[in-house]
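# Fold and contact review
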Amino acid sequence: MVLSDGELFEAIANGHLVIAPFDDDNVQPSSIDLRLDPLLTVQRRNPVPGMTLHPDALNVAEHISLYAEEKVDLSGGQTWNFEPGRFIIGQTLETVGLPLDLAGRVEGRSRLARLGLGVHVTAPKIDPGFRNRITLEMFNLGPWTIGLTANMRICSLVVERLGRAAQGGYQGAFQGS
């Protein structure tokens, strides 16, 4: 069952759900808008010739950093122009903490999706027990350049109550990293 705005406010107020920093203006009827952290990792435009990746044998975070085209810091208030066909890695400004009886889904915001921005295209599930900022794998699939700024509302978190609490929480590679 998806949590409503009242349930989200209650869960955050009693510490059951962590959204930090929290701005109650970001709560929607059935989700919470999350904002873009100022640091972006811009991936190469062109394929890397002769390289085949085997994800299970790869330190993904290290690989992304090693082969990034550039790092961008928007903390000075500037806009970064996200050109069509580009792929970047970003994070939410907020840290999200889910207890064992809640799971989340990251969804794009419709105003950005209509411009072609895919925010968390292939990995939207946030497992119970997760505590970290959410990494965003962003594509510009539209025909327009989209201006990105730090702290802009970039995605929505839908929080769902599990029928029964998970037996164990998320312990993946990206916990607390």
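Residues numbered from 1 in each chain as written. Predicted model: local features only at pLDDT ≥ 70, side-chain atom pairs only at ≥ 80, totals over all residues. Heavy atoms only, no water.

Let's shift gears to the overall build of the chain. A count of helices and strands for the chain gives three helices and 13 strands. Over its C-alpha trace the chain gives a radius of gyration of 17 Å, about what one expects of a compact globule, namely 16 Å for 177 residues. Overall, the chain is about 50 × 35 × 25 Å in size when its C-alpha atoms are taken along their principal axes. Sorting the 177 residues of the chain into buried and exposed places 39% on the buried side. Here the analysis covers contacts within the chain between residues at least 6 apart in sequence; of these, 80% occur between residues at least 24 apart. Split by element, the accessible area of the chain, about 9,700 Å² in all, is 51% carbon and sulfur. Here the chain carries 15 positive and 20 negative side-chain charges, and the mean point of each set is 3 Å from the other. (Helix = DSSP H or I, 4+ residues; strand = E, 2+ residues; numbered from the N terminus. Rg over C-alpha atoms; globule rule 2.2 N^0.38 Å. Buried < 20%, exposed > 50% of the residue type's maximum accessible area, 1.4 Å probe, protein only. Contact = heavy atoms within 4.5 Å. Areas by Shrake-Rupley, 256 points an atom, 1.4 Å probe, with all protein chains shown as cover. Lys, Arg positive; Asp, Glu negative; His and termini not counted. Charge placed at Lys NZ, Arg CZ, Asp CG, Glu CD.)

Moving on, we get to helix α1 (residues 5–13). Where α1 is concerned, the buried positions are L8, A11 and I12. Seen end-on, α1 carries its buried residues on one side only, within an arc spanning 95°. Pointing more than 90 degrees away from the buried face of α1 are the exposed residues E10 and A13. Residues of α1 that are buried in the fold lie against β1 (18–20), β2 (27–28), β3 (31–35) and β13 (153–161). (Arc of directions from axis to C-beta.)

For the rest of this paragraph, the subject is the packing of aromatic side chains. Each aromatic ring pair is specified by the distance between its two centres and by the angle formed by the two planes. Here the structure, examined in full by the defined rule, presents three aromatic pairs. Their ring planes at 80° and their centres at 6.4 Å tell us that F9 and F22 sit as a pair that is edge-to-face. Pair noted here: F9 is in helix α1 and F22 is in the loop between β1 and β2, with a separation of 13 residues, a long-range link. Taking relative accessible area as the criterion, F9 reaches 35% and is therefore assigned partly exposed. Looking at F22, the relative accessible area reads 32%, which means it is partly exposed. Ring geometry for F87 and F139: centres 4.6 Å apart, planes at 35°, overall tilted. Pair noted here: F87 is in strand β7 (residues 87–97) and F139 is in strand β11 (residues 131–140), with a separation of 52 residues, a long-range link. (Phe/Tyr/Trp six-rings, centres within 6.5 Å; stacked < 30°, edge-to-face > 60°.)

The strand order β2-β3-β13-β8-β10 describes an open sheet built from five strands, whose pairing is antiparallel. Strands with a single pairing partner mark the edges of an open sheet, and in this sheet they are β2 and β10 (125–126). Of the strand pairs in this sheet, strand β8 (residues 102–108) and β13 are connected by seven bridges, and their pairing is antiparallel. Bridge pairing links R105 to V158 in β13. (Pairing = 2+ DSSP bridges.)

Further remarks concern the pattern of salt bridges. Applying the stated criterion across every chain, the model contains 10 salt bridges. Between D37 and R133 there is a salt bridge, with its nearest N and O atoms 2.7 Å apart. Taken together, the residues span a long stretch of sequence, with D37 in the loop between β3 and β4 (39–43) and R133 in strand β11 at a distance of 96 residues. Taking the shortest distance from any N to any O, the salt bridge between R105 and E107 comes out at 2.8 Å. A single network of salt bridges, built from pairs that share partners, joins D33, R109 and R153. (Salt bridge = Lys/Arg side-chain N within 4 Å of Asp/Glu carboxyl O.)

Side chains of V121, F139 and L141 sit close together on the surface and give an oily, nonpolar patch of about 280 Å² of accessible area. Along the chain, V121 turns up in the loop between β9 (117–118) and β10. A relative accessible area of 45% places V121 in the partly exposed class. (Patch = residues over 30% accessible without salt bridge, like charges linked within 9 Å, V, L, I, M, F, W, Y side chains within 5 Å.)

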